[in-house]
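Structural overview for review
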Amino acid sequence: MEIKKEVFRSYDIRGIYEKEITNDLAYVVGRAFASICDGYVIVGHDARVSSNALNTNLIKGLIESGANVIDIGLVTTPMLYYARVLFNKKYAIMITASHCAKEYNGFKLCDNEGSMYGDKIQNFLKLILSNNFNEGNGNVKSYDITYDYKKLMDDKIKLGSKKLKVVVDCGNGTTCFYNPEIIKNWGVELIPLYCEPDPSFPNHIPDPAVDDNMVSLEEKVKEEGADVGIAFDGDGDRIGIVDEAGDLVRADMLMIIIWKSIYKTCKNKTASFDVKCSEALKETLEKLGLNTSYNKTGHSYLKKAVKENNYDFAGEFSGHLCFNDEFFGYDDALYAAGRLLRILSNTENKVSDYLKDVPKYVTSEEKYIEVGEENKDKIVNKVLNYAKEKGYDVITIDGVRIEYDGGFALVRKSNTSPCITVRFEGKTLDEMQAHKNEIMSLINEEL
(Lines give C-alpha, C1' and ligand atoms only; values in the text may rest on other atoms or scores of the structure.)
Protein backbone atom coordinates (compact mmCIF):
# COMPACT_ATOMS: atom_id res chain seq x y z
CA MET A 1 0.00 0.00 0.00
CA GLU A 2 1.31 3.43 -0.95
CA ILE A 3 1.10 6.04 1.81
CA LYS A 4 0.64 9.63 0.65
CA LYS A 5 2.78 11.47 3.20
CA GLU A 6 1.35 14.85 2.26
CA VAL A 7 -2.06 13.98 3.77
CA PHE A 8 -0.45 13.91 7.23
CA ARG A 9 -0.89 17.61 7.89
CA SER A 10 -0.20 19.92 10.80
CA TYR A 11 -3.28 19.00 12.79
CA ASP A 12 -5.10 16.23 10.99
CA ILE A 13 -4.92 13.61 8.26
CA ARG A 14 -6.91 14.73 5.22
CA GLY A 15 -7.14 14.05 1.50
CA ILE A 16 -9.27 12.78 -1.38
CA TYR A 17 -11.08 9.52 -0.67
CA GLU A 18 -9.81 6.48 -2.60
CA LYS A 19 -6.93 8.51 -4.03
CA GLU A 20 -5.17 9.59 -0.82
CA ILE A 21 -7.47 8.52 2.01
CA THR A 22 -8.23 4.85 1.42
CA ASN A 23 -9.88 2.06 3.37
CA ASP A 24 -6.45 0.41 3.63
CA LEU A 25 -5.05 3.61 5.14
CA ALA A 26 -7.92 3.65 7.67
CA TYR A 27 -6.98 0.11 8.68
CA VAL A 28 -3.31 0.94 9.28
CA VAL A 29 -4.25 4.17 11.07
CA GLY A 30 -6.22 1.93 13.41
CA ARG A 31 -3.32 -0.51 13.85
CA ALA A 32 -0.90 2.32 14.60
CA PHE A 33 -3.23 4.28 16.89
CA ALA A 34 -4.02 1.20 18.96
CA SER A 35 -0.26 0.77 19.38
CA ILE A 36 0.08 4.15 21.11
CA CYS A 37 -3.19 4.40 23.04
CA ASP A 38 -3.93 3.40 26.64
CA GLY A 39 -6.23 0.54 25.65
CA TYR A 40 -9.42 2.46 24.83
CA VAL A 41 -10.32 4.48 21.74
CA ILE A 42 -13.49 6.45 21.03
CA VAL A 43 -14.41 6.51 17.33
CA GLY A 44 -16.92 8.75 15.59
CA HIS A 45 -17.60 9.70 12.00
CA ASP A 46 -19.33 12.45 10.00
CA ALA A 47 -22.02 12.08 7.35
CA ARG A 48 -19.82 11.87 4.25
CA VAL A 49 -20.50 9.03 1.82
CA SER A 50 -17.09 7.47 2.48
CA SER A 51 -17.20 7.71 6.27
CA ASN A 52 -18.96 4.40 6.95
CA ALA A 53 -16.38 2.39 5.02
CA LEU A 54 -13.50 4.23 6.66
CA ASN A 55 -15.12 3.68 10.06
CA THR A 56 -15.39 -0.07 9.48
CA ASN A 57 -11.76 -0.42 8.42
CA LEU A 58 -10.44 1.88 11.13
CA ILE A 59 -12.16 -0.15 13.84
CA LYS A 60 -10.90 -3.39 12.27
CA GLY A 61 -7.33 -2.10 12.60
CA LEU A 62 -7.88 -0.88 16.15
CA ILE A 63 -9.20 -4.17 17.51
CA GLU A 64 -6.56 -6.24 15.69
CA SER A 65 -3.93 -4.28 17.61
CA GLY A 66 -5.74 -4.82 20.90
CA ALA A 67 -7.73 -1.61 21.42
CA ASN A 68 -11.14 -1.61 23.03
CA VAL A 69 -13.31 0.64 20.87
CA ILE A 70 -16.28 2.77 21.88
CA ASP A 71 -18.03 3.41 18.56
CA ILE A 72 -20.30 6.46 18.93
CA GLY A 73 -21.33 6.40 15.28
CA LEU A 74 -22.53 9.43 13.32
CA VAL A 75 -21.61 12.54 15.32
CA THR A 76 -20.19 16.03 15.05
CA THR A 77 -16.58 16.55 16.09
CA PRO A 78 -17.62 18.37 19.31
CA MET A 79 -19.76 15.35 20.22
CA LEU A 80 -16.61 13.22 19.97
CA TYR A 81 -14.80 15.72 22.20
CA TYR A 82 -17.63 15.49 24.73
CA ALA A 83 -17.45 11.70 24.65
CA ARG A 84 -13.86 12.01 25.91
CA VAL A 85 -15.23 13.94 28.88
CA LEU A 86 -18.25 11.70 29.43
CA PHE A 87 -16.34 8.41 29.35
CA ASN A 88 -13.13 9.84 30.83
CA LYS A 89 -11.23 8.29 27.92
CA LYS A 90 -8.61 10.44 26.22
CA TYR A 91 -7.76 8.64 22.99
CA ALA A 92 -10.20 9.26 20.15
CA ILE A 93 -10.46 9.44 16.37
CA MET A 94 -12.98 11.47 14.38
CA ILE A 95 -13.45 10.51 10.73
CA THR A 96 -14.13 13.79 8.95
CA ALA A 97 -12.85 16.24 6.37
CA SER A 98 -14.58 19.10 8.18
CA HIS A 99 -15.47 21.82 5.65
CA CYS A 100 -13.77 20.31 2.59
CA ALA A 101 -15.52 19.35 -0.63
CA LYS A 102 -17.47 16.11 -0.93
CA GLU A 103 -14.61 14.01 -2.32
CA TYR A 104 -12.43 14.55 0.79
CA ASN A 105 -12.23 12.69 4.06
CA GLY A 106 -9.74 12.16 6.85
CA PHE A 107 -9.02 11.72 10.55
CA LYS A 108 -8.73 14.02 13.56
CA LEU A 109 -6.72 12.36 16.32
CA CYS A 110 -6.82 12.92 20.08
CA ASP A 111 -4.36 11.52 22.61
CA ASN A 112 -4.02 11.93 26.38
CA GLU A 113 -3.10 15.61 25.95
CA GLY A 114 -5.85 16.59 23.47
CA SER A 115 -5.90 17.12 19.72
CA MET A 116 -2.72 15.79 18.11
CA TYR A 117 -0.75 18.16 15.89
CA GLY A 118 2.68 18.96 14.50
CA ASP A 119 5.44 16.54 15.43
CA LYS A 120 2.98 14.11 16.96
CA ILE A 121 1.29 13.56 13.62
CA GLN A 122 4.64 13.24 11.87
CA ASN A 123 5.77 10.69 14.45
CA PHE A 124 2.49 8.86 13.94
CA LEU A 125 3.26 8.73 10.22
CA LYS A 126 6.66 7.24 11.02
CA LEU A 127 4.98 4.54 13.09
CA ILE A 128 2.65 3.69 10.20
CA LEU A 129 5.59 3.49 7.78
CA SER A 130 7.48 1.21 10.19
CA ASN A 131 4.63 -1.32 10.13
CA ASN A 132 5.57 -2.14 13.72
CA PHE A 133 2.18 -2.53 15.37
CA ASN A 134 0.93 -4.22 18.50
CA GLU A 135 -0.95 -7.48 18.10
CA GLY A 136 -4.08 -8.11 20.11
CA ASN A 137 -7.74 -8.94 20.23
CA GLY A 138 -9.73 -5.90 21.22
CA ASN A 139 -13.46 -5.43 21.26
CA VAL A 140 -15.97 -2.88 20.09
CA LYS A 141 -19.03 -1.52 21.85
CA SER A 142 -21.50 0.92 20.33
CA TYR A 143 -22.90 3.87 22.24
CA ASP A 144 -25.41 6.49 21.14
CA ILE A 145 -24.27 9.75 22.70
CA THR A 146 -27.21 11.78 21.37
CA TYR A 147 -29.18 11.90 24.64
CA ASP A 148 -26.11 12.86 26.68
CA TYR A 149 -25.11 15.62 24.27
CA LYS A 150 -28.59 17.09 24.05
CA LYS A 151 -28.85 17.06 27.84
CA LEU A 152 -25.47 18.79 28.08
CA MET A 153 -26.62 21.59 25.81
CA ASP A 154 -29.97 21.96 27.54
CA ASP A 155 -28.24 22.14 30.92
CA LYS A 156 -25.53 24.57 29.80
CA ILE A 157 -27.67 27.01 27.81
CA LYS A 158 -30.66 28.79 29.35
CA LEU A 159 -31.99 31.69 27.34
CA GLY A 160 -33.55 34.87 28.66
CA SER A 161 -37.07 36.20 28.17
CA LYS A 162 -36.55 37.86 24.79
CA LYS A 163 -37.87 35.62 22.02
CA LEU A 164 -35.38 35.35 19.19
CA LYS A 165 -35.87 34.58 15.53
CA VAL A 166 -32.80 32.69 14.29
CA VAL A 167 -31.84 31.45 10.83
CA VAL A 168 -29.60 28.39 11.00
CA ASP A 169 -27.50 27.24 8.04
CA CYS A 170 -26.01 23.78 8.45
CA GLY A 171 -24.70 23.67 4.89
CA ASN A 172 -26.17 20.15 4.48
CA GLY A 173 -23.40 18.88 6.78
CA THR A 174 -23.37 16.62 9.81
CA THR A 175 -24.75 19.30 12.14
CA CYS A 176 -28.11 18.88 10.37
CA PHE A 177 -28.75 15.81 12.52
CA TYR A 178 -28.41 17.63 15.84
CA ASN A 179 -27.99 21.41 15.94
CA PRO A 180 -31.35 22.68 14.59
CA GLU A 181 -33.35 20.54 17.00
CA ILE A 182 -31.23 21.55 19.99
CA ILE A 183 -31.36 25.26 19.11
CA LYS A 184 -35.14 25.06 18.66
CA ASN A 185 -35.45 23.38 22.06
CA TRP A 186 -33.70 26.38 23.61
CA GLY A 187 -36.87 28.30 22.83
CA VAL A 188 -36.10 30.29 19.70
CA GLU A 189 -38.11 30.60 16.51
CA LEU A 190 -35.84 28.66 14.19
CA ILE A 191 -35.76 29.11 10.44
CA PRO A 192 -33.77 26.28 8.84
CA LEU A 193 -31.54 26.84 5.83
CA TYR A 194 -29.85 23.87 4.16
CA CYS A 195 -30.58 21.75 7.23
CA GLU A 196 -31.20 18.55 5.27
CA PRO A 197 -28.12 16.29 5.36
CA ASP A 198 -26.65 15.84 1.90
CA PRO A 199 -22.97 14.86 1.57
CA SER A 200 -22.85 16.22 -1.99
CA PHE A 201 -23.20 19.73 -0.49
CA PRO A 202 -25.48 20.95 -3.31
CA ASN A 203 -25.88 24.53 -2.04
CA HIS A 204 -22.43 25.53 -0.80
CA ILE A 205 -19.43 23.98 0.90
CA PRO A 206 -20.07 24.06 4.67
CA ASP A 207 -17.33 26.54 5.47
CA PRO A 208 -18.54 29.76 7.15
CA ALA A 209 -15.09 31.34 6.91
CA VAL A 210 -15.59 31.84 3.15
CA ASP A 211 -17.70 34.91 2.41
CA ASP A 212 -19.45 33.42 -0.63
CA ASN A 213 -20.77 30.57 1.52
CA MET A 214 -22.56 33.07 3.76
CA VAL A 215 -24.52 34.90 1.05
CA SER A 216 -27.64 32.72 1.30
CA LEU A 217 -27.70 33.16 5.06
CA GLU A 218 -27.35 36.93 4.73
CA GLU A 219 -30.27 37.04 2.31
CA LYS A 220 -32.45 34.76 4.46
CA VAL A 221 -31.89 36.86 7.59
CA LYS A 222 -33.01 39.99 5.73
CA GLU A 223 -35.96 38.21 4.14
CA GLU A 224 -37.20 36.85 7.48
CA GLY A 225 -36.36 39.86 9.62
CA ALA A 226 -34.40 37.56 11.92
CA ASP A 227 -32.37 38.63 14.91
CA VAL A 228 -29.30 36.68 13.84
CA GLY A 229 -28.07 34.09 11.36
CA ILE A 230 -25.82 31.23 12.44
CA ALA A 231 -23.81 28.96 10.15
CA PHE A 232 -21.93 25.80 11.05
CA ASP A 233 -19.11 24.08 9.23
CA GLY A 234 -19.26 20.48 8.07
CA ASP A 235 -18.31 18.80 11.35
CA GLY A 236 -19.62 21.39 13.78
CA ASP A 237 -16.54 22.88 15.41
CA ARG A 238 -16.64 26.27 13.62
CA ILE A 239 -19.25 29.00 13.59
CA GLY A 240 -20.16 31.93 11.34
CA ILE A 241 -22.51 34.80 12.17
CA VAL A 242 -24.73 37.27 10.29
CA ASP A 243 -26.28 40.23 12.14
CA GLU A 244 -29.89 41.42 12.10
CA ALA A 245 -29.27 43.53 8.98
CA GLY A 246 -27.88 40.58 7.06
CA ASP A 247 -24.30 41.81 7.36
CA LEU A 248 -21.48 39.37 7.91
CA VAL A 249 -19.93 39.41 11.38
CA ARG A 250 -16.50 37.86 11.20
CA ALA A 251 -15.32 35.63 14.02
CA ASP A 252 -12.96 38.23 15.46
CA MET A 253 -15.92 40.60 15.86
CA LEU A 254 -17.99 37.81 17.41
CA MET A 255 -15.20 37.43 19.97
CA ILE A 256 -15.76 41.05 20.96
CA ILE A 257 -19.43 40.32 21.66
CA ILE A 258 -18.50 37.35 23.82
CA TRP A 259 -15.76 39.21 25.68
CA LYS A 260 -18.09 42.10 26.46
CA SER A 261 -20.32 39.62 28.29
CA ILE A 262 -17.58 38.03 30.40
CA TYR A 263 -14.69 40.47 30.86
CA LYS A 264 -15.88 41.67 34.27
CA THR A 265 -16.29 38.19 35.72
CA CYS A 266 -13.61 36.13 33.95
CA LYS A 267 -10.74 34.87 36.12
CA ASN A 268 -8.03 35.15 33.47
CA LYS A 269 -7.88 38.70 32.12
CA THR A 270 -5.94 37.69 28.98
CA ALA A 271 -7.73 37.40 25.66
CA SER A 272 -6.04 35.07 23.19
CA PHE A 273 -6.63 34.97 19.42
CA ASP A 274 -4.75 34.02 16.29
CA VAL A 275 -2.63 36.27 14.06
CA LYS A 276 -5.33 36.58 11.37
CA CYS A 277 -7.55 38.72 13.59
CA SER A 278 -8.17 42.43 13.08
CA GLU A 279 -6.33 45.12 14.99
CA ALA A 280 -9.81 46.28 16.00
CA LEU A 281 -10.17 43.21 18.21
CA LYS A 282 -6.96 43.93 20.07
CA GLU A 283 -7.76 47.63 20.51
CA THR A 284 -11.29 46.99 21.75
CA LEU A 285 -10.30 44.34 24.26
CA GLU A 286 -7.47 46.43 25.66
CA LYS A 287 -9.95 49.30 26.17
CA LEU A 288 -11.96 46.86 28.30
CA GLY A 289 -8.87 46.40 30.47
CA LEU A 290 -7.92 43.00 29.13
CA ASN A 291 -4.46 41.81 28.21
CA THR A 292 -4.11 40.37 24.71
CA SER A 293 -2.00 37.55 23.33
CA TYR A 294 -1.57 36.31 19.78
CA ASN A 295 -1.71 32.60 19.12
CA LYS A 296 -0.67 30.39 16.23
CA THR A 297 -3.48 29.53 13.81
CA GLY A 298 -4.92 26.03 14.10
CA HIS A 299 -7.57 24.42 16.29
CA SER A 300 -5.04 22.14 17.97
CA TYR A 301 -2.75 25.06 18.85
CA LEU A 302 -5.75 27.01 20.10
CA LYS A 303 -6.91 24.27 22.48
CA LYS A 304 -3.33 23.75 23.66
CA ALA A 305 -3.03 27.46 24.52
CA VAL A 306 -6.35 27.41 26.39
CA LYS A 307 -5.28 24.39 28.42
CA GLU A 308 -1.76 25.57 29.20
CA ASN A 309 -2.74 29.13 30.11
CA ASN A 310 -6.17 28.40 31.57
CA TYR A 311 -7.78 31.05 29.39
CA ASP A 312 -11.47 31.66 30.09
CA PHE A 313 -12.12 32.14 26.38
CA ALA A 314 -10.07 32.14 23.20
CA GLY A 315 -10.74 31.96 19.49
CA GLU A 316 -9.45 32.22 15.99
CA PHE A 317 -10.49 33.96 12.80
CA SER A 318 -11.74 30.81 11.08
CA GLY A 319 -14.52 30.39 13.67
CA HIS A 320 -13.05 28.02 16.26
CA LEU A 321 -14.13 29.38 19.65
CA CYS A 322 -13.08 27.75 22.92
CA PHE A 323 -15.00 28.47 26.11
CA ASN A 324 -13.29 27.47 29.32
CA ASP A 325 -15.28 29.53 31.82
CA GLU A 326 -18.44 27.39 31.88
CA PHE A 327 -17.43 24.71 29.38
CA PHE A 328 -14.58 22.29 28.69
CA GLY A 329 -12.09 24.44 26.77
CA TYR A 330 -12.59 22.89 23.35
CA ASP A 331 -14.28 24.21 20.21
CA ASP A 332 -17.99 23.44 19.95
CA ALA A 333 -19.81 25.75 17.53
CA LEU A 334 -23.24 24.79 18.86
CA TYR A 335 -22.23 25.80 22.37
CA ALA A 336 -20.76 29.04 20.98
CA ALA A 337 -24.10 29.70 19.28
CA GLY A 338 -25.83 29.11 22.58
CA ARG A 339 -23.63 31.61 24.36
CA LEU A 340 -24.39 34.24 21.72
CA LEU A 341 -28.13 33.57 21.90
CA ARG A 342 -28.00 33.78 25.68
CA ILE A 343 -26.47 37.25 25.41
CA LEU A 344 -29.04 38.43 22.86
CA SER A 345 -32.02 36.97 24.72
CA ASN A 346 -31.17 38.85 27.92
CA THR A 347 -31.03 42.34 26.41
CA GLU A 348 -32.80 44.56 23.93
CA ASN A 349 -29.51 45.09 22.08
CA LYS A 350 -29.11 43.83 18.56
CA VAL A 351 -25.98 42.10 17.32
CA SER A 352 -24.75 45.27 15.62
CA ASP A 353 -25.17 47.31 18.82
CA TYR A 354 -22.27 45.44 20.43
CA LEU A 355 -19.95 46.54 17.65
CA LYS A 356 -20.81 50.24 17.35
CA ASP A 357 -17.78 51.37 19.38
CA VAL A 358 -15.32 49.08 17.58
CA PRO A 359 -12.63 50.93 15.57
CA LYS A 360 -13.22 50.77 11.84
CA TYR A 361 -10.67 49.02 9.65
CA VAL A 362 -10.77 47.84 6.06
CA THR A 363 -9.62 44.26 5.90
CA SER A 364 -9.13 41.95 2.95
CA GLU A 365 -10.37 38.40 2.80
CA GLU A 366 -7.82 35.76 3.63
CA LYS A 367 -6.33 34.62 0.33
CA TYR A 368 -4.57 31.33 -0.39
CA ILE A 369 -1.76 31.51 -2.95
CA GLU A 370 -0.42 28.21 -4.27
CA VAL A 371 3.38 28.32 -4.23
CA GLY A 372 4.40 24.68 -3.70
CA GLU A 373 5.63 23.14 -0.47
CA GLU A 374 9.24 23.84 -1.38
CA ASN A 375 8.67 27.60 -1.68
CA LYS A 376 6.58 28.34 1.41
CA ASP A 377 9.49 28.91 3.79
CA LYS A 378 11.44 30.86 1.18
CA ILE A 379 8.64 33.38 0.63
CA VAL A 380 7.82 33.84 4.31
CA ASN A 381 11.51 34.38 5.12
CA LYS A 382 11.84 36.88 2.28
CA VAL A 383 8.97 38.95 3.70
CA LEU A 384 10.44 38.69 7.21
CA ASN A 385 13.85 39.90 6.10
CA TYR A 386 12.28 42.76 4.16
CA ALA A 387 10.24 43.82 7.19
CA LYS A 388 13.32 43.79 9.42
CA GLU A 389 15.29 45.87 6.92
CA LYS A 390 12.47 48.42 6.87
CA GLY A 391 12.39 48.52 10.67
CA TYR A 392 8.78 47.38 10.88
CA ASP A 393 7.34 45.85 14.04
CA VAL A 394 6.77 42.15 13.34
CA ILE A 395 5.06 39.26 15.08
CA THR A 396 6.54 35.89 14.11
CA ILE A 397 4.52 33.41 16.18
CA ASP A 398 2.94 32.17 12.94
CA GLY A 399 4.52 33.42 9.73
CA VAL A 400 5.07 37.19 9.57
CA ARG A 401 2.57 39.77 10.74
CA ILE A 402 3.79 43.28 10.00
CA GLU A 403 2.25 45.83 12.37
CA TYR A 404 1.71 49.18 10.66
CA ASP A 405 0.48 52.33 12.35
CA GLY A 406 -3.05 51.34 11.50
CA GLY A 407 -3.49 47.84 10.15
CA PHE A 408 -1.25 44.93 9.30
CA ALA A 409 0.06 42.62 6.59
CA LEU A 410 0.08 38.89 7.28
CA VAL A 411 1.98 36.24 5.33
CA ARG A 412 2.04 32.70 6.71
CA LYS A 413 2.37 29.12 5.56
CA SER A 414 -0.84 27.17 5.19
CA ASN A 415 -0.90 24.16 7.50
CA THR A 416 -3.15 22.19 5.18
CA SER A 417 -2.05 22.92 1.61
CA PRO A 418 0.99 23.87 -0.55
CA CYS A 419 0.02 27.51 -0.17
CA ILE A 420 0.82 30.65 1.68
CA THR A 421 -2.03 32.69 3.09
CA VAL A 422 -2.15 36.48 3.08
CA ARG A 423 -4.40 39.07 4.71
CA PHE A 424 -4.13 42.85 4.80
CA GLU A 425 -5.73 45.62 6.83
CA GLY A 426 -5.72 49.41 6.96
CA LYS A 427 -7.76 52.23 8.45
CA THR A 428 -8.94 53.09 4.94
CA LEU A 429 -9.25 51.21 1.68
CA ASP A 430 -6.25 53.10 0.31
CA GLU A 431 -4.13 52.17 3.34
CA MET A 432 -5.11 48.52 3.10
CA GLN A 433 -4.34 48.51 -0.62
CA ALA A 434 -0.97 50.15 -0.02
CA HIS A 435 0.00 47.47 2.51
CA LYS A 436 -1.19 44.80 0.09
CA ASN A 437 0.71 46.22 -2.88
CA GLU A 438 3.91 46.54 -0.87
CA ILE A 439 3.97 42.94 0.29
CA MET A 440 2.42 41.29 -2.76
CA SER A 441 5.15 42.84 -4.96
CA LEU A 442 7.68 40.80 -2.94
CA ILE A 443 5.62 37.63 -3.20
CA ASN A 444 4.94 38.03 -6.91
CA GLU A 445 8.68 38.11 -7.60
CA GLU A 446 8.78 34.45 -6.49
CA LEU A 447 5.74 33.24 -8.47
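This write-up is about the structure you can find in this document. Since the model is a prediction, treat every value here as computed from it, not as a measurement. (Residues numbered from 1 in each chain as written. Predicted model: local features only at pLDDT ≥ 70, side-chain atom pairs only at ≥ 80, totals over all residues. Heavy atoms only, no water.)

Before going further, it helps to examine the environment of His-99. Within the fold, His-99 resides in the loop between strand S4 (92-95) and strand S5 (104-111). A sequence separation of 74 residues divides His-99 from Gly-173, and the C-alpha atoms of the two residues are 8.5 Å apart. If we skip the residues at most four places from it in the chain, His-99 touches Arg-14, Arg-48, Ile-205, Pro-206, Asp-207, Asp-233, Gly-234 and Arg-238. Separated by 3.2 Å, the side chains of His-99 and Ser-98 make a polar contact. Within the structure, the side chain of His-99 is placed 3.1 Å from the side chain of Arg-238, a separation counted as a polar contact. (Helix = DSSP H or I, 4+ residues; strand = E, 2+ residues; numbered from the N terminus. Contact = heavy atoms within 4.5 Å. Polar contact = N/O pair within 3.5 Å; in protein donor to acceptor, adjacent residues only side chain to side chain.)

Before going further, it helps to spend a moment on the state of the cysteines. If you walk through the whole model with that rule in mind, you get 0 disulfides. Sulfur of Cys-266: no disulfide; nearest cysteine sulfur belongs to Cys-322 and is 16 Å away. Judged by its relative accessible area of 7%, Cys-266 is buried. (Disulfide = S-S within 2.5 Å. Buried < 20%, exposed > 50% of the residue type's maximum accessible area, 1.4 Å probe, protein only.)

Here we come to helix H10 (residues 299-309). Every buried residue belonging to H10 is among His-299, Ser-300, Tyr-301, Leu-302, Lys-303, Ala-305 and Val-306, and all of these are buried. Positive phi appears at Asn-310, one or two residues downstream of H10, with a value of about 55 degrees.

Attention now moves to the layout of surface pockets. Empty space within the second largest pocket amounts to approximately 550 Å³. Elements that contribute at least two residues to the lining of the second largest pocket include exactly helix H3 (77-87), S5, strand S6 (114-115), helix H4 (119-130) and H10. With 6 residues, H10 is the single largest residue contributor to the lining of the second largest pocket. Tallied by class, residues from the lining of the second largest pocket come to 8 nonpolar, 6 polar and 10 charged. (1 Å grid on protein atoms, 1.4 Å probe; cavity = no way out; pocket = protein on both sides within 12 Å on 5 of 7 lines; lining within 4 Å. Points joined across faces, edges and corners; volume = space filled by probe spheres on them. Nonpolar A, V, L, I, M, F, W, Y, C, P; charged D, E, K, R; others polar.)

Counting 76 residues, the largest nonpolar core has Met-153, Ile-183, Val-228, Ile-230, Phe-232, Ile-239 and Leu-341 as the members making the most contacts within it. A total of 9 residues in this core trace back to one element, the largest contributor, which is helix H11 (residues 333-345). If we skip the residues at most four places from it in the chain, Met-153 touches Ile-182, Trp-186, Phe-327, Asp-332, Leu-334 and Tyr-335. (Core = buried A, V, L, I, M, F, W, Y, C linked by side-chain atoms within 4.5 Å.)

This part takes up H11. Working note: α-helix, 3.6 residues per turn, so residues spaced by three or four point in the same direction. Taking 1.5 Å per residue as the helical rise, H11 with its 13 residues ought to reach 18 Å, and the 18 Å between its terminal C-alpha atoms agrees with that figure. H11 sits mainly inside the fold: 13 of its 13 residues count as buried. Structurally, the start of H11 carries an N-cap: the backbone nitrogen of Leu-334 is 2.9 Å from a side-chain oxygen of Asp-332. (Expected span 1.5 Å × (residues − 1).)

This part takes up empty space enclosed by the protein. The full count for this structure, using the stated rule, is 3 cavities of 30 Å³ or more. Each pocket or cavity is described by its volume, and for the largest cavity that value is around 110 Å³. Considering the residues around the largest cavity, the lining is formed by Pro-208, Ala-209, Asp-211, Ile-239, Gly-240, Ile-241, Leu-248, Val-249, Arg-250, Ala-251, Phe-317 and Ser-318. Elements with a minimum of two residues in the lining of the largest cavity: strand S11 (239-242) and strand S12 (248-249). Ranked by residue count, the leading element in the lining of the largest cavity is S11, at 3 residues.

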